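Remarks on the overall topology
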Amino acid sequence: MGIEFVDLFDQWASTYDETVAGNDPEYREVFSGYDEILGKLAGLAQSPVMEFGVGTANLTRKIIQHNKVVFGIEPSREMRKIAKIKCPEAGIYEGDFLNYPTLVAPIRSIVSSFAFHHLNSEEKKEAIRNYKELLEPEGEVIFIDTLFKDESYKHTLIKNAEEQGYSKLAQDLQEEYYPYLEDLKEMFVKEGFEVSFQQLNKYAWLIRAKKGE
Ligand SMILES: C[S@@+](CC[C@H](N)C(=O)[O-])C[C@H]1O[C@@H](n2cnc3c(N)ncnc32)[C@H](O)[C@@H]1O
């Protein structure tokens, strides 16, 4: 449950950093401003931080550079191997958004970049419910991820991708579980979070959801 894409990430691990650096034209716009936007998230996170879907630890490293403590969770074995080499200072554990080791530390921020869309709607709701329990009072979920402002914007993005000949991207946009902004907002609000959204590039948004006292 929730980890249906892990084989794909095992295969992608060794070339993942080239993709986010913009070397794959299909995904260049998806990851546009990647370093800066991860840096922004790292600056907002409050220690101790729990990070889901660490991949090759690019966000993890930035959080460590801010002298914050981070526990990273990643389901792909190949991604974990690279993450541990690139960021030996962080604890990197096997797990996913829904199943993860019990940590003794109180958590002030739960963060993730480009990963929450791997959960379907029911899984997203379950994760958000769990995070409410995990977080300290006034703790925050801070995610960066692709989402659709509305249905018409989704169609525009798919059409643009098709017109550019980016068939893999067009297929991803239709088959992965990228949420609509309003649906995601409702999931957080239902659990008592105060949520805000900021668009970061054509695809990626910063999602901040603050738990009450
Ligand atoms: C596009 S990569 C993003 C990696 C990194 N956060 C970044 O910003 O570059 C998505 C990551 O999410 C992980 N992932 C896939 N399904 C997941 C799940 N259900 N729970 C947590 N992580 C998941 C993948 O293995 C992969 O490492």
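Residues numbered from 1 in each chain as written. Predicted model: local features only at pLDDT ≥ 70, side-chain atom pairs only at ≥ 80, totals over all residues.

On a plain count of helices and strands, the chain comes out with nine helices and seven strands. The C-alpha radius of gyration of the chain comes to 16 Å, within 12% of the 17 Å expected for a compact globule of 213 residues. Each of the 213 residues in the chain was classed as buried or not, and the buried ones make up 38%. When contacts within the chain are restricted to residue pairs at least 6 apart in sequence, long-range pairs at least 24 apart make up 63% of them. (Helix = DSSP H or I, 4+ residues; strand = E, 2+ residues; numbered from the N terminus. Rg over C-alpha atoms; globule rule 2.2 N^0.38 Å. Buried ≥ 20, exposed ≤ 12 C-beta atoms within 10 Å, placed from the backbone. Contact = placed C-beta atoms within 7 Å.)

With mixed pairing, the seven strands of this open sheet are ordered in space as 3-2-1-4-5-7-6. What marks the edges here is a single partner per strand, and that holds for strand 3 (91–94) and strand 6 (194–199). Sheet twist, expressed as the mean angle between neighbouring strand axes with direction ignored, is 15°. As defined by bridge partners, strand 1 (residues 49–52) adjoins strand 4 (residues 107–113) across three bridges and the pair is classed as parallel. Its bridge partner lying in strand 4, Val-49 is registered against Ser-109. (Pairing = 2+ DSSP bridges. Axes fitted to C-alpha atoms, helices over the stretch in contact; angles between N-to-C directions.)

The next point concerns the site of the ligand. Lining the immediate environment of the ligand, one finds 23 residues, of which Phe-9, Gly-53, Gly-55, Asp-96 and Ser-113 sit closest. Residue composition of the shell around the ligand, grouped by class: 14 nonpolar, seven polar and two charged. (Near = placed C-beta within 6 Å. Nonpolar A, V, L, I, M, F, W, Y, C, P; charged D, E, K, R; others polar.)

With that out of the way, let us pick up the UniProt feature "binding site: S-adenosyl-L-methionine" (unreviewed entry) in the chain. The positions UniProt marks with the feature "binding site: S-adenosyl-L-methionine" (unreviewed entry) are Gly-53, Glu-74 and Asp-96. Their sequence span is 44 residues, while the largest C-alpha to C-alpha distance among them is just 6.9 Å; these annotated residues converge on one region. Within the secondary structure, Glu-74 sits in strand 2 (residues 70–74). If we skip the residues at most four places from it in the chain, Glu-74 touches Gly-53, Val-54, Gly-55, Met-79, Arg-80, Ala-83 and Ile-92. With respect to the element layout, Asp-96 can be found in the loop between strand 3 and strand 4. (UniProt positions renumbered as here; feature names shortened; annotations may be inferred.)

Residues Leu-41, Ala-45, Leu-59, Ala-83, Val-111, Val-141 and Phe-143 are the most contacted members of the largest nonpolar core, which totals 51 residues. In this structure Phe-143 touches Val-111, Ser-112, Phe-116 and Ile-207, once residues within four positions along its chain are discounted. Counting residues in each nonpolar core, the second largest holds five residues, with Ala-161, Tyr-166, Leu-169 and Leu-173 among its members. (Core = buried A, V, L, I, M, F, W, Y, C linked by C-beta atoms within 7 Å.)

The next thing to look at is the environment of Gly-212. Looking at the secondary structure, you find Gly-212 in the segment after strand 7 (204–210). Between the alpha carbons of Gly-212 and Gly-139 there is a distance of 7.8 Å; along the sequence they are 73 residues apart.

This part covers helix 6 (residues 121–134). Helical geometry note: an α-helix holds 3.6 residues per turn, so side chains three or four residues apart project in the same direction. Helix length check: helix 6, at 14 residues, gives a terminal C-alpha distance of 20 Å against a target of 20 Å (1.5 Å per residue), a fit within 8%. Buried within helix 6 are the following residues: Lys-124, Ala-127, Ile-128 and Tyr-131. For helix 6, the angular spread of buried residues about the axis comes to 100°, placing them on one side. In helix 6, the exposed positions that point more than 90 degrees away from the buried face belong to Glu-122, Arg-129 and Glu-133. (Expected span 1.5 Å × (residues − 1). Arc of directions from axis to C-beta.)

Looking now at the packing of helix 3 (residues 34–44) against helix 4 (residues 58–65). Between helix 3 and helix 4, the shortest axis-to-axis distance is 9 Å and the interhelical angle comes to 45°. On the basis of their axis angle, the class for helix 3 and helix 4 is oblique. Between helix 3 and helix 4 the crossing geometry is right-handed. Along the contact surface, helix 3 presents Leu-38, Gly-39, Leu-41 and Ala-42, while helix 4 presents Asn-58, Leu-59, Lys-62 and Ile-63. (Parallel < 35°, antiparallel > 145°, perpendicular 65-115°, else oblique. Left-handed = near helix turned anticlockwise from the far one by under 90°.)

Another aspect to go through is the confidence of the model for the chain. Looking at the chain, pLDDT values average 95 and 99% of them are 70 or higher. Overall fold confidence for the complex sits at a pTM of 0.96, while the interface term, ipTM, reaches 0.99. (pLDDT = per-residue confidence, 0-100.)

Excluding glycine, residues mostly carry a negative phi; peptide bonds, for their part, are mostly trans. Backbone torsion omega between Ser-47 and Pro-48 reads 0°, so that peptide bond is classified as cis. Secondary-structure assignment places Pro-48 in the loop between helix 3 and strand 1. Phi is positive for Asn-67, close to 60°, though the residue is something other than glycine. Checked against the element boundaries, Asn-67 lands in the loop between helix 4 and strand 2. For Asn-67, a count of 7 C-beta atoms within 10 Å gives the class exposed. A positive phi angle, close to 55°, is found at Phe-114, a residue other than glycine. Assignment of secondary structure puts Phe-114 in the loop between strand 4 and helix 6. Accessibility expressed as a C-beta count within 10 Å gives 22 for Phe-114, which makes it buried.

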